[in-house]
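# Structural overview
Chain residues, written in single-letter form:
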Amino acid sequence: KLISFHFPLLTNLPFSDRYKYMEYTELSKKFNVGEMVVYPSFGICKITEKEERNGAFYIKLESFSDNSTVLVPEDKASQLGLRHLETKENVEKALSLLSDNSQKISQDWKQRLNENQVLLKEGTLEGSAIVVNHLYRRQKTKVLPTMEKKLYDTALSRLLDESAVVLDKDNREMRRIVFSRLENV
């Protein structure tokens, strides 16, 4: 039987024992070991462990794409953009944005780059879909500058990875779905 503690009682415990009881609080139930999450600068990650270092608690993430690891302070995880995977419904909404060719795309590449970087930095699936849509349509009329091409590749990778995991599709099938939506097929 689990015993739940109120947070103020934890301050009476030695620091080394606090982590043991933190797992029963709402704060640490937010992200669980073994869960797949999205971290804006890494894309999809798996939470491999939670650990305490120098008096602070961290969530250790392993990147889905390249197996690199990063530690994120647990108390600032949401502020840093760490989020749960989207629902199937939200993935479908994001994918529906790929068919929208009514949005105006700036002709000034610097402005376009800044707008798309902001969208990608937010770390949302919707933002990735919008960036993919904008830059895919732009590259059909003109070659993308190197920085925009890299941004497009990053956004496409994040969109494909998260959508494939949530919709339980392999990457090849997800790629076919994304490009058919971009082509309005």
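The present account deals with the structure reproduced in this document.

Cut-offs used in this document
Residues numbered from 1 in each chain as written. Predicted model: local features only at pLDDT ≥ 70, side-chain atom pairs only at ≥ 80, totals over all residues. Heavy atoms only, no water. Helix = DSSP H or I, 4+ residues; strand = E, 2+ residues; numbered from the N terminus. Buried < 20%, exposed > 50% of the residue type's maximum accessible area, 1.4 Å probe, protein only. Polar contact = N/O pair within 3.5 Å; in protein donor to acceptor, adjacent residues only side chain to side chain. Salt bridge = Lys/Arg side-chain N within 4 Å of Asp/Glu carboxyl O. Pairing = 2+ DSSP bridges. Expected span 1.5 Å × (residues − 1). Arc of directions from axis to C-beta. Contact = heavy atoms within 4.5 Å. 1 Å grid on protein atoms, 1.4 Å probe; cavity = no way out; pocket = protein on both sides within 12 Å on 5 of 7 lines; lining within 4 Å. Points joined across faces, edges and corners; volume = space filled by probe spheres on them. Nonpolar A, V, L, I, M, F, W, Y, C, P; charged D, E, K, R; others polar.

To continue, consider unusual backbone geometry. Backbone geometry follows two general trends: most residues other than glycine have a negative phi, and most peptide bonds adopt the trans configuration. One non-glycine residue, asparagine 54, adopts positive backbone phi at about 50°. Within the secondary structure, asparagine 54 is located in the loop between strand S2 (43-53) and strand S3 (56-63). You can call asparagine 54 exposed: its relative accessible area is 84%. Located in the positive-phi region is aspartate 168, a residue other than glycine, with phi close to 55°. Turning to its location among the elements, aspartate 168 is positioned in the loop between helix H7 (146-167) and helix H8 (171-182). For aspartate 168, a relative accessible area of 71% translates into the label exposed.

Moving on to the side chain of glutamate 74. Along the chain, glutamate 74 turns up in the loop between strand S4 (69-73) and strand S5 (83-84). A polar side-chain atom of glutamate 74 sits 3.2 Å from a polar atom in the side chain of lysine 50.

This paragraph deals with the pattern of salt bridges. Under the defined criterion, the tally for this structure stands at eleven salt bridges. Linking arginine 83 and glutamate 86 is a salt bridge whose minimum nitrogen-to-oxygen distance equals 3.7 Å. Using a relative accessible area of 15% as the deciding quantity, one classes arginine 83 as buried. Notably, a salt bridge pairs aspartate 153 with lysine 149, separated by 3.1 Å at the nearest N-O pair. Here aspartate 153 and its partner lysine 149 are both found in helix H7, four residues apart, which amounts to about one turn of the helix. One network of salt bridges, in which partners are shared, links Arg83, Glu86 and Glu162.

This brings us to the sheet that holds S2. With antiparallel pairing, the five strands of this open sheet are ordered in space as S4-S3-S2-S1-S5. Looking at strand neighbours, the two that pair on one side only are S4 and S5, the edges of this open sheet. With five bridges joining them, S3 and S4 adopt antiparallel strand pairing. Directly across from glutamate 62, in S4, lies its bridge partner threonine 69.

Moving on: helix H5 (residues 109-122). Taking 1.5 Å of rise per residue, 14 residues should cover 20 Å, and H5 covers 20 Å from first to last C-alpha, within 8% of that figure. Within the sequence span of H5, burial applies to Arg112, Leu113, Asn116, Leu119 and Leu120. Projected down its long axis, H5 shows its buried positions confined to an angular sector of 130°, all on one face. Within H5, the exposed residues directed more than 90 degrees away from the buried face are Lys110, Val118 and Lys121. On its buried side, H5 packs onto helix H6 (125-141) and H7. Looking one or two places after H5, you find glycine 123, whose phi comes out positive at around 80°.

Here we come to empty space enclosed by the protein. Under the criterion given, the structure shown has one cavity of 30 Å³ or more. Within this model, the largest cavity holds a volume of roughly 80 Å³. Forming the walls of the largest cavity are 13 residues, and the residues nearest its centre are Val38, Arg83, Gly123, Arg158 and Glu162. For the lining of the largest cavity, the elements supplying multiple residues, two or more each, are S2, H6 and H7. By residue number, the principal contributor to the lining of the largest cavity is H7, which donates three residues. Grouping the amino acids of the lining of the largest cavity by side-chain chemistry returns five nonpolar, four polar and four charged.

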